[in-house]
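Single-letter residue listing:
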Amino acid sequence: MKPTQSIPSDSTDLASAALRTLRHVFGYTAFRGAQQAIVEQVARGGDALVLMPTGGGKSLCYQIPALLRHGCGIVVSPLIALMQDQVQALKLAGVRAAYLNSTLELEHAAVIERELLEGELDLLYVAPERLMTPRFQQLLAQSDIALFAIDEAHCVSQWGHDFRPEYIQLSVLHERFPQIPRVALTATADGATRQEIVERLALHAAEVFVSSFDRPNIRYTVTEKDNPRRQLLRFIRSSHDGDAGIVYCLSRKKVEETAKWLREQGLNALPYHAGLDASVREQHQSKFIRGDGIIMVATVAFGMGIDKPDVRFVAHLDLPKSLEAYYQETGRAGRDGLPSNAWMAYGLRDLILHREMIEQSQAPDEIKRVERRKLEALLGYCEAPTCRRQVLLRYFGEESTPCGNCDMCLNPPQTWDASEAVQKALSAIYRSGQRYGAGHIIDILRGAETAKIIERGHQHLSTFGLGKAISEAQWSSLLRQCVAAGLLGVNEHGGLILQEDCRPVLRGEQPIQLRRVRETQAAAPSLRREIEFEDDAARALWAALRQCRRRLAEEQNVPAYIVFGDATLKQMLERRPMSLEAMHELPGVGDRKLELYGADFLEVLQRHAREYA
Ligand code: ADP
Ligand code: ZN
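Starting afresh in each chain, residues are numbered from 1 along the sequence in its written order. Here every chain gets a letter starting at A, and every ligand a number starting at 1, in the order they are written. The predicted nature of this model means local features are confined to residues of pLDDT at least 70 and side-chain atom pairs, given and counted, to a pLDDT of 80 or more, with totals for whole chains, interfaces and linings taken over all residues. Side-chain numbers here rest on the full set of heavy atoms in the structure, without hydrogens or water.

Caption draft 1: Just the coordination of the zinc ion (ligand 2), in detail. On the protein side, the zinc ion (ligand 2) has Cys387 (SG), Cys403 (SG), Cys406 (SG) and Cys409 (SG) as donor atoms, found 2.3 to 2.4 Å from it. Because no water is among the atoms considered, metal sites can look incomplete, with donors defined as N, O and S atoms within 2.8 Å of the metal, or 3.2 Å for Na, K and Ca. Under this scheme a four-donor centre is tetrahedral when all angles range from 85 to 135 degrees, a four-donor centre is square planar and a six-donor centre octahedral when opposite donors are above 155 degrees with the rest from 65 to 115, and any other centre is irregular. With 4 donor atoms in place around the zinc ion (ligand 2) and angles of 102 to 119° between them, the coordination shape is tetrahedral. Taken in sequence order, the residues that donate to the zinc ion (ligand 2) follow the motif C-x15-C-x2-C-x2-C. Note on exposure labels: buried denotes an accessible area under 20% of the residue type's maximum, exposed denotes more than 50%, and partly exposed covers the range between, all computed with a 1.4 Å probe on protein chains only. Accessibility expressed as a relative area gives 23% for Cys409, which makes it partly exposed.

Caption draft 2: Up close: the site of ligand 1. Within the structure, ligand 1 sits among 14 residues, and Tyr28, Gly55, Lys58, Ser59 and Arg335 are positioned closest to it. Shrake-Rupley sampling with a 1.4 Å probe provides the accessible areas, and residues are treated as covered by the protein chains on show and by no other component. Taken by itself ligand 1 offers 570 Å² of open surface, and the protein chains cover 81% of this. Of the residues belonging to the shell around ligand 1, the class tally is 5 nonpolar, 6 polar and 3 charged. Here a residue is considered near a molecule or strand provided that any single heavy atom belonging to it is located within 4 Å of it. Note on residue classes: Ala, Val, Leu, Ile, Met, Phe, Trp, Tyr, Cys and Pro are nonpolar, Asp, Glu, Lys and Arg are charged, and everything else, Gly too, is polar.

Caption draft 3: A look at the pattern of salt bridges. Should a side-chain nitrogen of Lys or Arg be within 4 Å of a carboxyl oxygen of Asp or Glu, the pair is scored as a salt bridge. Following the criterion strictly, the structure yields 38 salt bridges and no others. The salt bridge partner of Glu595 is Arg592, with a shortest N-O separation of 2.9 Å. Separated by 3 residues within a single helix, Glu595 and Arg592 lie in helix H28 (residues 591–611), roughly one turn from each other. With relative accessibility at 31%, the residue Arg592 sits in the partly exposed group. The partner of Glu603 in a salt bridge is Arg607, with the nearest N and O atoms 3.7 Å apart. Taken together, the positions of Glu603 and Arg607, both in helix H28 and 4 residues apart, correspond to about one turn of that helix. For Glu603, a relative accessible area of 48% translates into the label partly exposed. Given the relative accessible area of 36%, Arg607 is considered partly exposed. If you follow the salt bridges from partner to partner, you end up with Asp292, Arg312, Asp336, Arg546, Arg549, Arg550 and Asp566 in one network. For helices the rule is a DSSP run of H or I covering at least 4 residues; for strands it is a run of E covering at least 2, with both sets numbered from the N terminus onward.

Caption draft 4: Just a negative patch on the surface, in detail. Patch definition: residues with relative accessible area over 30% and no salt bridge; like charges joined within 9 Å; nonpolar side chains (Val, Leu, Ile, Met, Phe, Trp, Tyr) joined within 5 Å. The charged-residue count follows a simple rule in which Lys and Arg add positive charge and Asp and Glu add negative charge, with His and chain termini not counted at all. The atoms used to mark charge sites are NZ of Lys, CZ of Arg, CG of Asp and CD of Glu. A surface patch of like charges, here negative, comprises Glu534, Asp535, Asp536 and Glu574. Locating Asp536 in the fold gives a position in helix H24 (residues 536–556).

Caption draft 5: The arrangement of unusual backbone geometry in detail. Of note in this structure, Ala202 is not a glycine but carries a positive phi near 50°. Tracing the backbone shows Ala202 in the loop between helix H10 (191–200) and strand S7 (207–210). Residue classification places Ala202 among the partly exposed residues on the basis of a relative accessible area of 24%. You will see that Arg576, though not glycine, has its phi angle at about 45°, which is positive. By secondary structure assignment, the location of Arg576 is in the loop between helix H26 (566–575) and helix H27 (580–584). You can call Arg576 partly exposed: its relative accessible area is 28%.

Caption draft 6: Structural detail: a nonpolar patch on the surface. A surface patch of nonpolar side chains, about 250 Å² in accessible area, is lined by Leu250, Leu353 and Met357. Among the structural elements, Leu353 can be located in helix H15 (residues 348–360). Residue classification places Leu353 among the partly exposed residues on the basis of a relative accessible area of 36%.

Caption draft 7: Spotlight on the confidence of the model for the chain. Mean pLDDT over the chain: 90, with 96% of residues reaching 70 or higher. The model gives residues 521–525 a pLDDT under 50, and that stretch makes 11 contacts with residues more than four places away or in other chains. What pLDDT conveys is the predictor's confidence in a given residue, as a value from 0 to 100. Should any heavy atoms of two residues lie within 4.5 Å, those residues are considered in contact.

Caption draft 8: Just the sheet that holds strand S12 (residues 311–316), in detail. Here, any two strands with at least 2 DSSP bridges between them count as paired. In space, the 6 strands of this open sheet follow the order S8-S13-S12-S9-S11-S10, with parallel pairing throughout. Each having just a single partner strand, strand S8 (218–224) and strand S10 (269–272) make up the two edges of the open sheet. Within this sheet the neighbouring strands show an average axis-to-axis angle of 15°, counted without direction. Here 4 bridges tie S10 to strand S11 (residues 295–298), and the two strands are oriented parallel to one another. Each bridged residue has a counterpart across the sheet, and for Tyr272 the counterpart in S11 is Ala298. Angles shown run from 0 to 180 degrees and are taken between the N-to-C directions of axes, each axis being a line fitted to C-alpha atoms and, for helices, limited to the stretch in contact.

Caption draft 9: Molecular detail of the packing of aromatic side chains. Note on aromatic contacts: the rings of Phe and Tyr and the six-membered ring of Trp form a pair at centre separations within 6.5 Å, being stacked when their planes are under 30 degrees apart, edge-to-face when over 60 apart, and tilted otherwise. Under the defined criterion, the tally for this structure stands at 12 aromatic pairs. The interplanar angle of 70° and the centroid separation of 6.5 Å between the aromatic rings of Tyr62 and Tyr125 together place this pair among those described as edge-to-face. One end of the pair, Tyr62, is in helix H3 (residues 59–68); the other, Tyr125, is in strand S4 (residues 123–126), with 63 residues separating them in the sequence. Looking at Tyr62, the relative accessible area reads 1%, which means it is buried. Ring geometry for Phe148 against Phe177: centres 5.6 Å apart, planes inclined by 50°, an arrangement best described as tilted. Of the two residues, Phe148 is situated in strand S5 (residues 145–150) and Phe177 in the loop between helix H9 (171–176) and strand S6 (182–186); the sequence distance between them amounts to 29 residues. By the burial criterion, Phe148 is buried, and Phe177 matches it. Cluster of aromatic residues (ring-pair linked, three or more members): Tyr220, Tyr326 and Tyr381. Lysine NZ or arginine CZ positioned within 6 Å of the ring centre and within 35 degrees of the ring normal marks a charge as sitting over the ring. Taking NZ or CZ as reference, Lys308 lies 5.5 Å from the ring centre of Phe288, over its face.

Take a look at the structure:
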């Protein structure tokens, strides 16, 4: 389906042709951010390098130019699962799309190759190793090609974690087909990677489009760990009843236990980690993607190549590896632009564990130094008394103002003069020999007569019971903040030890302001629900719309979001279209989808209007 068969020469014509395609094929009313400029650049035949965060809308940047230009757009993508989903979604929108990768039968692949030769395809997704075969190169030379899109372009970077050797060879495309425009796309922000992409793909003449890496619809919250599972459950129950989400844990064991426990609490949770059978992993992943409202409890083995737009929350029960990893993991929430949560519970134990892992690893010193710095940046994020988003974006080189959509902005922390309390804690640590962990130190300060205290004679220390007035949670937070600030160190057994920096504090020369923990369980600011129902009738309509979507998805064997995304369903709930024309106005309802699904949803809306009239 090509709305126009040739590129309009005039730039206003090009702009309106692009907009027409956006409306009729994809059902959207306006381009986002740099999309329009990118589409025009590529449609006109120019090269482009696109840096946009996950969920920013990179796909349209090559899909629309491919529809506007003569011939087939070739999309190089390393992620096979993602290819299939994209092609499915495009087909449902009426685009002649296909993919070629190792999962296809020979005969089926031959059919697609013929379609390409005969000009019957608008978009063809290809795995990089396939693209570079002599056979495929020959096919390309004989076909009419609209453009090359190189998705996940950071895979050319040898220093990055997703390096793919086949990507290096993609520069050949430019040598063999110099007149065909190329667009390279990535969500990896840093300057070094960008430079490497330009060099390796010979994109020196490409126009570079850099979008802000902010994800304004994601709300960031970091909460102090006290009973993490219960905190997680409270968070899910209060903010994400029935939503799809990911819960990250560090170890396989914890993944299993947490998933099991959540199921016992009545939630629809599944485990995912590298220790599970490949078939089980695949089955769980597919349930998560296709199903509605499944919680995936996973190690970081899960997530790469997951393109599910309606993941409503990402929760971390353990500290991630670095801020880069954290941003990538939390970035899997809310690709559809609807309000979503990134929630993390963190405590002193996490910090100690990570320190230990670094110190005990066999890595060379310079690697350890880098890892220490990364851990510090992560702690800086967890402990900063300011806007979380500002800390995150600054780490990626972007300045911003307080966001109003993180726990710190919504519920600013109180600070207190902790100088005296810190002195007491340092003294208790020093006098007990700098070898005990936080729990025992807090017992000393709070005057707890535990067996361990009596056995060691610590009830005779001068600091014993001096900190009764301060709660356990407050002490625990205080110790953690001291470690994060470098006043305290941690030995290989988790024992707290004094650092050089604590001298002026001990001498009373340096006042210390610390964040107060939130004693009551306002630990997470009350989170806005994704959808506010005005009454029970609206709630019932929402359920009916989802039910209708689920039925259609099952009938056609596609993920629910491919029928219509949550954003579209939400608009149905709000605007209640009563005719196909009104339905066509909604974002996400293109010509083809209106034809396929319009009547079914209209029936649900009309029935509901009658019932609640
Ligand atoms: P990326 O590849 O950058 O992660 P996608 O291309 O998958 O992002 O787009 C993310 C989501 O945003 C998709 O659900 C897509 O349909 C939606 N989207 C993209 N562009 C627009 C637009 N102009 N208007 C409305 N929704 C859009
Ligand atoms: Zn903020």
